[in-house]
Amino acid sequence: MTTAHSGLDPELHALLAGIPRIPALDPDVLAQLRRLPPTPVDALLSDRRAGHREVTVDAGDGAGIPLSVFTPADTGAAAPCVYWMHGGGMVMGDRFSQIDIPLEWLDALGAVVVSVDYRLAPEATGTTPVDDCYRGLLWVAEHSAELGVDPARIVVAGASAGGGLAAGVALLARDRGAPAIAAQMLVCPMLDHRNTSVSSLQYADGPGVWTRRMNEFGWRSLLGGLTGDEVPAYVSPALAGDLSGLPPAYIDTGSAEVFRDEDAEYATRIWAAGGRAELHVWAGGFHGFDALFPQARISVTARRTRTDWLTRVLSPDRPAA
């Protein structure tokens, strides 16, 4: 099999050439990345009429799970809610990472945004991160009246690792019977620990900011010693044997990235199970292109298309699924 791959979108190619790249990901590099300053969330809120408060939820094992709650100034009693899970390969990032993406939905849809600071690998392994995300979602559902949230319009959303966690949370909620989830927004999600797809092999070393080798490090850190049948589908959602009964899904990915094929297959399997999924493969997009370069034309289109989809599925008068 050839490992040749299609090129990047020309505008993204030029933008990517101007930034330094991480040649590899290992414990030393990870430690350096974790020391970088956090996302300046105050700057993102300075031009918005939005409230911001912090909440800590019990993880059930003595740990606390921080949640950041962002509320539009003019929210009513029944706003939609976007429950956000950040990216970072399961090993880095925090609840403010890529927060500009869901804050656009606060602006456009009047949505309450709740972002969860799940515990990271390799310190937290196995189901711990997805369990943290699920417990945070339960808190949102239980406190929907206090938050001014319509419990029938809660969306789980995330990018990259967060997209994989959002898929895992949707599976957990389906299998446990609660809480109700209106939709799942999976942005270039990290769904399959096996790294055996064509796109995974094509993008072993780049171009882009997340390669197959980095992906292997992220999964190895998360799984610890779990192998084969020991890996739960809630952790690696591509393993789920049954994708029926899930909330409508929006899945997007770039054509020039590691996750392209596993993301497209996940959408295909949702359709095969009789579910609803909308799939977008952005030609020439590398992993996380729209988060890194939101000003690029392809990024503007990708982000607007997600917002348009959410507008449709969160419409208060939408027909039942």
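Shown above is the structure to which this text applies.
In this text the structure is predicted, and so the values were computed from the model without any measurement.

Caption draft 1: Fine view of the sheet that holds strand S1 (residues 50-58). The mixed open sheet is built from 8 strands, whose spatial order is S1-S2-S4-S3-S5-S6-S7-S8. Since the sheet does not close on itself, it has two edges, and those belong to S1 and strand S8 (277-282), each with one partner. Mean inter-strand twist for the sheet, computed between neighbouring axes without regard to direction, equals 15°. Sheet topology places strand S6 (residues 183-187) next to strand S7 (residues 249-254); 4 bridges connect them, and they run parallel. Within the sheet, the bridge partner assigned to Leu186 lies in S7 and is Ile251.

Caption draft 2: Broad picture of the side chain of Ser97. Relative to the elements of secondary structure, Ser97 occurs in the loop between strand S3 (79-85) and helix H4 (100-109). On the accessibility criterion, Ser97 (11% relative accessible area) is buried.

Caption draft 3: Representation of unusual backbone geometry in the model. In this chain, Ala121 is followed by Pro122 through a cis amide linkage whose omega measures 5°. Examined against the element boundaries, Pro122 turns out to sit in the loop between strand S4 (112-116) and helix H5 (128-142). Backbone geometry at Met90 places phi at a positive 75°, although glycine is not the residue there. By secondary structure assignment, the location of Met90 is in the loop between S3 and H4. A positive phi is found at Cys188, a non-glycine position, where the angle reads about 35°. You can see Cys188 is positioned in the loop between S6 and helix H8 (198-202).

Caption draft 4: Main features of the packing of H5 against helix H7 (residues 161-176). In the contact formed by H5 and H7, the axes pass within 9 Å of each other and the chain directions differ by 65°. Regarding H5 and H7, the two cross each other, and that crossing is right-handed. Across the interface between the two elements, Pro129, Val130, Asp131, Cys133, Tyr134 and Leu137 of H5 pack against Leu165, Gly168, Val169, Leu172, Ala173 and Arg176 of H7. In the contact of H5 with H7, the residues fall into 9 nonpolar, 1 polar and 2 charged.

Caption draft 5: Up close: the packing of aromatic side chains. By the definition in use, this model includes 3 aromatic pairs. Between Phe286 and Phe293, the ring centres sit 6.3 Å apart and the planes meet at 85°, which makes this aromatic pair edge-to-face.

Caption draft 6: Up close: the packing of H4 against helix H12 (residues 297-313). Here H4 crosses H12 at 50°, and the two axes come no closer than 11 Å. Relative to H12, H4 is oriented oblique. Between H4 and H12 the crossing geometry is right-handed. Across the interface between the two elements, Asp100, Ile101, Glu104, Trp105, Ala108 and Leu109 of H4 pack against Arg303, Arg306, Thr307, Leu310 and Thr311 of H12.

The rules behind the values
- Residues numbered from 1 in each chain as written.
- Predicted model: local features only at pLDDT ≥ 70, side-chain atom pairs only at ≥ 80, totals over all residues.
- Heavy atoms only, no water.
- Pairing = 2+ DSSP bridges.
- Helix = DSSP H or I, 4+ residues; strand = E, 2+ residues; numbered from the N terminus.
- Axes fitted to C-alpha atoms, helices over the stretch in contact; angles between N-to-C directions.
- Buried < 20%, exposed > 50% of the residue type's maximum accessible area, 1.4 Å probe, protein only.
- Left-handed = near helix turned anticlockwise from the far one by under 90°.
- Contact = heavy atoms within 4.5 Å.
- Nonpolar A, V, L, I, M, F, W, Y, C, P; charged D, E, K, R; others polar.
- Phe/Tyr/Trp six-rings, centres within 6.5 Å; stacked < 30°, edge-to-face > 60°.
- Parallel < 35°, antiparallel > 145°, perpendicular 65-115°, else oblique.

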